[in-house]
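A look at the structure
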Amino acid sequence: MEAVRSNRHPLAYEVAVANDPRWWRVSRRGLAPATIIETIGLFSAGVVISSGLRDVGVAALSETGAAGTGAIDVWCMPDEEARETTSSVMVELIASAFGVSGIRALYHDRFENDPHLLGPTEALWRHQAVFPAFALIDGVYEDRELRVLWREEFEDAFFQPVVGVE
Amino acid sequence: MILRTNRHVYRPVRPDDYDALYAKENDPSSLATWRYKTGMPPPEEYEAALWRQTEAIWVVEGRDTGRLRGYLQLHDVDLRAQHGWFSIYAAPDARSSGVLMEGLLAFGEIVFNEWPLRWIYAHSLEQNVVHFESGIRRGHARRLGVLEKRMIIDGRPSDVHVIGISRESWMNSRLRARFNALRAHDH
């Protein structure tokens, strides 16, 4: 993983286009590269996810504000290696998101047939809302679900304090 | 579209409305639960703040006084997926007058007649959701979920309800028929 730099925007664009229209937050205003790159530029923070051989995905934090919450988008190229690599770094990635932003909760929304990329954190995300028939994807309207991950529950699950014995 | 009821005129906002809107929004009871939770922008930045991510605004004007009593806002429209979000603001001196309920009916009528939207959504704080409960019970609106402890209001976590109104449910609702019959009768 490395920080998104301006010369890495083409990867985020490729990921958006390869998954269109599932990365709804960046492609809802169309697929013009300038529009997508401008939208990506509005995120609070972002990382590129690499398999070591190639860059396979991106994750981005947005909507961090006075309420102490944020939203995370995670997307990768549509192949098995990319999905496995992306899922495998989710704990570290979410820990970074909580760490850099100081937020108390993360929101994540997904269409019902989106790939599952949240890896070991998947079961911790709590259902909050469903938007029925939110968008047309491959000829079928899909629901969109909004879930939340509380910082405290994430830290309890993955960062138990180490008790030392001298 | 300009929509009239026996008490109000719902018309597109004009720049000469900004001073009155600013004065009404710059009210302690509005700041805690409305959009400017961290404080009102300076007057010279108000227009940009008012229109941020916003496609249309209709003010609610009292027919008796000509004074503004609130506004309806259509924002974050996604024409590709055909949905958008709405907000309804009632001025402090108009909150117990039914302007929120009537504003919601007027908004449904305006938006679903002039915008190609399948759904409109709103976030409603716990203390405001009472205005939607009757519509939810009757099936005109749906509670799509509750974002638990989503906001911090007066230092305490507060739930945010997600409300959805579909074009189909609005167009076929008896409430809409009654609203328009009353408007026709009044004119």
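The rules behind each value
Residues numbered from 1 in each chain as written. Chains lettered and ligands numbered in written order. Predicted model: local features only at pLDDT ≥ 70, side-chain atom pairs only at ≥ 80, totals over all residues. Helix = DSSP H or I, 4+ residues; strand = E, 2+ residues; numbered from the N terminus. Rg over C-alpha atoms; globule rule 2.2 N^0.38 Å. Contact = placed C-beta atoms within 7 Å. Nonpolar A, V, L, I, M, F, W, Y, C, P; charged D, E, K, R; others polar. Axes fitted to C-alpha atoms, helices over the stretch in contact; angles between N-to-C directions. Parallel < 35°, antiparallel > 145°, perpendicular 65-115°, else oblique. Pairing = 2+ DSSP bridges. Buried ≥ 20, exposed ≤ 12 C-beta atoms within 10 Å, placed from the backbone. Core = buried A, V, L, I, M, F, W, Y, C linked by C-beta atoms within 7 Å. pLDDT = per-residue confidence, 0-100.

Now for the overall build of chain B. A count of helical and extended segments in chain B gives seven helices and eight strands. For chain B, the C-alpha radius of gyration of 16 Å lies close to 16 Å, the compact-globule estimate for 187 residues. Dimensions of chain B, computed from C-alpha atoms along their principal axes, come out at roughly 40 × 40 × 35 Å.

Residues and elements named next belong to chain B. Here Val160 is to be found in strand β8 (residues 156–166). For Val160 and Leu125, which are 35 residues apart along the polypeptide, the C-alpha to C-alpha distance reads 4.6 Å. Beyond its immediate sequence surroundings of up to four residues, Val160 is in contact with His123, Ser124, Leu125, Leu147, Arg150 and Met151.

Moving on: the interface of chain B and chain A. Counting from both sides, the interface comprises 14 residues of chain B and, opposite them, twelve residues of chain A. The set of elements that each furnish at least two residues to the side of chain B that touches chain A consists of β7 (142–153) and β8 of chain B. It is β7(B) that provides the largest number of residues to the side of chain B that touches chain A, a total of seven residues. Of the residues contributing to the side of chain B that touches chain A, the split by class is seven nonpolar, three polar and four charged.

Our next topic: the packing of helix α4 (residues 99–114) of chain B against helix α7 (residues 174–186) of chain B. Residues and elements named next belong to chain B. The geometry of α4 relative to α7 is characterised by a closest axis approach of 11 Å and an angle of 95° between their N-to-C directions. By the angle between their directions, the pair α4 and α7 is classed as roughly perpendicular. Where α4 approaches α7, its residues Leu105, Gly108 and Glu109 are matched on the opposing element by Leu175, Arg176 and Phe179.

Moving on: the pairing of strand β4 (residues 68–78) of chain B. Residues and elements named next belong to chain B. In this sheet, β4 lies alongside strand β3 (residues 54–62) in antiparallel orientation, the contact comprising seven bridges. Residue pairing in the sheet places Val59 in a bridge with Tyr71 of β4. Taking the residues that link successive antiparallel strands as the turn, the β3-β4 hairpin has five residues, and the phi of Gly66 there is positive, at about 75°. Across seven bridges, β4 lies against strand β5 (residues 83–90) in antiparallel orientation.

Residue and element names in this part refer to chain B. Assignment of secondary structure puts Ser97 in the loop between β5 and α4. We classify Ser97 as partly exposed; it has 16 C-beta atoms within 10 Å. Taking the C-alpha atoms as reference points, Ser97 and Val13, separated by 84 residues in sequence, lie 21 Å from one another.

This paragraph deals with the nonpolar core. Core analysis: the largest hydrophobic core is formed by 83 residues, its most contacted members being A:Val15, A:Val58, A:Ala59, A:Cys76, A:Leu106, B:Tyr71 and B:Leu72. No other element matches α4(B), which puts seven residues into this core.

Mean pLDDT over chain B: 90, with 96% of residues reaching 70 or higher. Scored as a whole, the predicted complex attains pTM 0.88, and scored at its interfaces, ipTM 0.87.

A few words on the confidence of the model for chain A. Detailed reading of the predicted coordinates is not advisable wherever pLDDT falls low. All names here are of chain A. Looking at chain A, pLDDT values average 90 and 91% of them are 70 or higher. Looking at the elements of chain A, mean pLDDT is at its lowest for strand β1 (residues 2–3), recorded as 43, and at its highest for strand β7 (residues 140–150), recorded as 98. Segment residues 1–6: pLDDT under 50, and 13 contacts once partners within four positions in sequence are set aside and those in other chains are kept.

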